Amino acid sequence: MTELSEILFNQTVAYFSMEVAVNPAIPTYSGGLGMLAGDSLRAAADLSIPMVGISLLHRKGYFRQHLDAWGNQSESPAVWSPEDLLHPLPNRASVSIEGRDVQIRAWRYLIRGLSGHAIPIYFLDTALPENSPWDQTLTDNLYGGDDHYRFCQEVILGLGGYAMLREIGCAEVYTYHMNEGHSALLSLALLEERHRTNGLKQVTVADREAVRQRCVFTTHTPVPAGIDKFPYYMVRGVLGEEPTAVLNSIECFYEGSLNMTNLALLFSRYINGVSMRHEEISRGMFPNYPISSITNGVHALTWTSQPFQQLFDRHIPQWCRDNLYLRYAISIPLDEIKEAHAQSKQRLLAEVQKRTGVALSPQAMTMGFARRAAEYKRADLLFSDLERLKRIASQVGPIQIIYGGKAHPRDEGGKEAIRRVFQAAAALGDAVPVLYLEEYDMALAKHLCAGVDLWLNTPLKPDEASGTSGMKASLNGVPSLSVLDGWWVEGHVEGFTGWSVGNAWGSESDPSKEIASLYDKLEYVILPMFYERPQAYAEVMRSSIALNGSFYNAQRMMFQYMENAYQAEKPERAGYAAPTCALAQEEAPLAG
Ligand SMILES: *Cc1c(COP(=O)(O)O)cnc(C)c1O
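Residues numbered from 1 in each chain as written. Predicted model: local features only at pLDDT ≥ 70, side-chain atom pairs only at ≥ 80, totals over all residues. Heavy atoms only, no water.

(A) Here's a closer look at the pairing of strand 8 (residues 118–125). Burial analysis of strand 8 places seven of its eight residues in the buried class, the great majority of the element. Between strand 7 (residues 100–112) and strand 8, which pair antiparallel and follow one another directly, the connecting turn spans five residues, one of which, Gly116, has a positive phi of 100°. (Buried < 20%, exposed > 50% of the residue type's maximum accessible area, 1.4 Å probe, protein only. Helix = DSSP H or I, 4+ residues; strand = E, 2+ residues; numbered from the N terminus. Pairing = 2+ DSSP bridges.)

(B) Structural detail: the side chain of Ser469. For Ser469, the location among the structural elements is in helix 18 (residues 469–475). In this structure the side chain of Ser469 is engaged in a polar contact, spanning 3.1 Å, whose partner is the side chain of Trp455. (Polar contact = N/O pair within 3.5 Å; in protein donor to acceptor, adjacent residues only side chain to side chain.)

(C) Looking closely at the packing of helix 14 (residues 334–356) against helix 17 (residues 442–451). Axis separation between helix 14 and helix 17 bottoms out at 8 Å; the angle between their running directions is 135°. Here helix 17 runs oblique to helix 14, going by the angle between their axes. Crossing of helix 14 against helix 17: the hand is left-handed. For the pair helix 14 and helix 17, contact is made by His341, Ser344, Lys345, Arg347, Leu348, Glu351 and Arg355 and by Leu444, His447, Leu448, Ala450 and Gly451, respectively. Residue composition of the contact of helix 14 with helix 17, grouped by class: four nonpolar, four polar and four charged. (Axes fitted to C-alpha atoms, helices over the stretch in contact; angles between N-to-C directions. Parallel < 35°, antiparallel > 145°, perpendicular 65-115°, else oblique. Left-handed = near helix turned anticlockwise from the far one by under 90°. Contact = heavy atoms within 4.5 Å. Nonpolar A, V, L, I, M, F, W, Y, C, P; charged D, E, K, R; others polar.)

(D) A look at the packing of aromatic side chains. Scanning the entire structure with this criterion turns up 20 aromatic pairs. Ring geometry for Phe530 against Tyr531: centres 5.0 Å apart, planes inclined by 90°, an arrangement best described as edge-to-face. The class for Phe530 is buried, based on a relative accessible area of 15%. By relative accessible area, Tyr531 is classed as partly exposed at 28%. Taken together, the ring pairs in this structure connect Phe369, Phe383, Tyr403, Phe422 and Tyr436 into an aromatic cluster. (Phe/Tyr/Trp six-rings, centres within 6.5 Å; stacked < 30°, edge-to-face > 60°.)

(E) Focus on the sheet that holds strand 13 (residues 257–259). Taken together, three strands build an open sheet; the order of strands is 11-13-12 and the sheet is antiparallel. Strands with a single pairing partner mark the edges of an open sheet, and in this sheet they are strand 11 (229–231) and strand 12 (253–254). Bridge count for strand 11 against strand 13 is three bridges, and the pairing is antiparallel. Bridge pairing in strand 13 places Lys229 opposite Asn259. Across the face of the sheet, helix 8 (residues 232–239) comes into contact with strand 11, strand 12 and strand 13 while running at roughly 80° to strand 11.

(F) Focus on the layout of surface pockets. In this model, the second largest pocket occupies a volume close to 360 Å³. Along the wall of the second largest pocket there are 16 residues; nearest its centre are His341, Lys345, Pro362, Asp453 and Phe530. Elements that contribute at least two residues to the lining of the second largest pocket include exactly helix 14, helix 20 (511–532) and helix 21 (534–549). Ranked by residues supplied to the lining of the second largest pocket, first place goes to helix 14 with six residues. In the lining of the second largest pocket, the residues fall into 10 nonpolar, three polar and three charged. (1 Å grid on protein atoms, 1.4 Å probe; cavity = no way out; pocket = protein on both sides within 12 Å on 5 of 7 lines; lining within 4 Å. Points joined across faces, edges and corners; volume = space filled by probe spheres on them.)

(G) Molecular detail of the domain arrangement of the chain. According to the domain assignment, the chain contains domain 1 (2–65 + 75–297 + 554–585) and domain 2 (300–549). For domain 1 and domain 2, the distance between their C-alpha centroids amounts to 32 Å. If you look at the interface, domain 1 gives 31 residues, while domain 2 gives 41 residues. For the pair domain 1 and domain 2, the two sides together bury roughly 2,800 Å², of which 53% comes from carbon and sulfur. Area buried by domain 1 at its contact with domain 2 is led by Gln65, Arg277 and Gln555, which between them contribute 26% of it. The interface formed by domain 1 and domain 2 includes two salt bridges. With a closest N to O distance of 2.8 Å, Lys415 and Glu75 form a salt bridge. The interface formed by domain 1 and domain 2 holds 15 residue pairs in polar contact (both at pLDDT 80 or more) in total. Those elements that provide at least two residues to the side of domain 1 that touches domain 2 are helix 2 (32–46), strand 3 (64–67) and helix 11 (276–285). Per-element tally for the side of domain 1 that touches domain 2: the top contributor is helix 11, with four residues. Partitioned by chemical class, the residues of the side of domain 1 that touches domain 2 number 13 nonpolar, 13 polar and five charged. (Domains from an automatic or database assignment. Buried area = accessible area lost by both parts, 1.4 Å probe. Salt bridge = Lys/Arg side-chain N within 4 Å of Asp/Glu carboxyl O.)

(H) Representation of the sheet that holds strand 19 (residues 454–457) in the model. Taken together, six strands build an open sheet; the order of strands is 18-17-16-19-20-21 and the sheet is parallel. Strands with a single pairing partner mark the edges of an open sheet, and in this sheet they are strand 18 (434–437) and strand 21 (498–501). Shown here is a sheet whose adjacent strand axes are inclined to one another by a mean of 20°, direction ignored. In this sheet, strand 21 lies alongside strand 20 (residues 480–483) in parallel orientation, the contact comprising four bridges. Among the inter-strand pairings, Leu481 is bridged to a residue of strand 21, identified as Trp499. Contacts from helix 14 reach strand 16 (365–370), strand 17 (399–404) and strand 18 within the one sheet, and its direction differs from that of strand 18 by about 75°.

Okay, here's the thing in structure tokens:
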């Protein structure tokens with residue numbers, strides 16, 4: 001693997017992300033975006049890709065979630081101790097915010113890959129005595145504060161991150177990868193760098209092109225409302241006259257606001273969405289840009305439960321080094337799949353009992369639903385018709401459901417969604433036990449995605465850019481029952497990797513059809529198979545590992561980033577047409 005990555009490219013990639021989940025003890029993430037960043041860097045370390053990560057320290061974490069008996073969420077800071085887990089660097093960088101010089105230091109965390117290659121992640125921190133009390137809080141809260149606070153954080157991440165890399169001496173960075181638009185100001189840092197060396201008064205087209213050749217952008221936002229926008233007066237107040245004038249001269253302001261996605265799009269040589277469907281949606285949103293897709297993947301070793309790790313080690317010992325071998329899971333005896341799953345389920349139920357005191361049944365069909373509690377995820381779609389759900393459970397076979405997920409502290413819709421799950425749970429009583437676990441995080445996700453019998457996902461189309469928890473489930477032989485959006489459009493093979501909710505036609509949801517489909521699949525297909533034909537159910541479990549575990553992993557994803565995004569000298573980009581596969585084949589005999 002080392003050789004391969006050296007052949008593919010030899011220049012460092014700097015990966016910028018507002019959130020990153022490196023370790024269950026470091027609460028610097030809110031959900032899928034941070035998981036993806038962590039999984040990308042873990043896979044890059046396994047593949048010995050020269051890479052560094054940049055994020056903010058988030059001393060107060062995302063938050064701790066408390067739920068009362070009615071499902072009302074309250075929050076407290078998730079304070080943690082960087083001193084115990086990270087290595088402080090002596091380097092100092094600074095950025096100018098509202099004319100003040102804000103000092104930044106960095107804490108380093110090393111991710112070590114399978115063969116020992118280490119990838120450093122630099123967590124930026126402004127809690128230094130030389131900064132004003134307010135500036136010291138700028139790296140405290142992930143997605144906390146108002147727009148002004150957020151914009152200042154994005155200045156720290158984009159401009160400060162760039163400055164810190166220079167201080168640390170990461171001069172060999174050639175490609176800057178912006179994981180979502182929060183770090184897009186780094187393009188301004190790259191422009192300013194050229195200003196300094198060329199002494200230019202005005203940014204030229206050549207400057208823009210030179211910066212564009214160094215940046216790669218991954219968009220994650222299929223809805224315009226999700227994009228960060230900052231008003232002109234705020235940008236000018238924070239950045240000052242000159243940088244604002246530069247941004248203005250290159251038309252980064254739309255309708256009076258700096259749109260971070262647009263800024264990233266303008267300055268990236270390669271742009272991708274995170275699933276095939278998301279590419280389509282993004283092209284509709286940004287028709288002037290060439291957008292491709294690299295579908296997300298999850299880090300196989302991180303998300304595979306211990307019983308399945310041991311099973312794979314016995315049958316396909318190469319699986320961890322080369323995840324493609326998971327395709328060979330197709331020949332693992334069904335009884336061993338069932339046994340590994342029974343163990344994962346038992347571990348989950350023990351964890352649930354430890355947390356809640358409730359002993360769920362190891363025999364009952366156990367469904368899992370957990371992710372950020374955002375409204376579009378429709379956590380309560382399953383509860384649209386409680387009478388029908390009760391009838392299915394009493395006539396076809398028992399059902400129990402485990403929920404988890406935090407709502408953003410200011411997201412009233414998300415908080416309401418949690419309350420609705422609690423209301424449904426109360427109304428269902430013992431007929432269908434429903435538990436909502438507090439504090440959904442990386443550690444709980446690992447138990448939950450591996451230990452349930454069916455992973456449920458019912459987002460409103462087309463709002464799910466990819467989704468990754470169903471991928472974690474498939475590595476553990478847990479099939480999905482999901483709306484055909486995000487990754488499931490391509491990962492779904494009916495009856496082999498799981499089941500669809502509704503059909504694939506049209507990219508918009510039709511709730512009444514989806515609800516009917518959800519209940520029909522449970523009543524007539526999934527539950528009868530689970531209870532009456534357990535071997536058939538185990539076959540679906542096994543093929544979901546072979547088909548989806550082998551592909552929707554972060555190793556395949558990072559190969560695709562290397563091949564499509566990180567190589568700076570791709571011939572297509574220099575204006576040549578790449579040879580087609582047909583041509584290459586025709587020429588092969590001549591070459592021989
Ligand atoms: C994987 C994961 C997510 C992302 O879930 P989606 O299915 O992509 O929405 C969110 N939170 C945690 C803690 C996770 O582990």
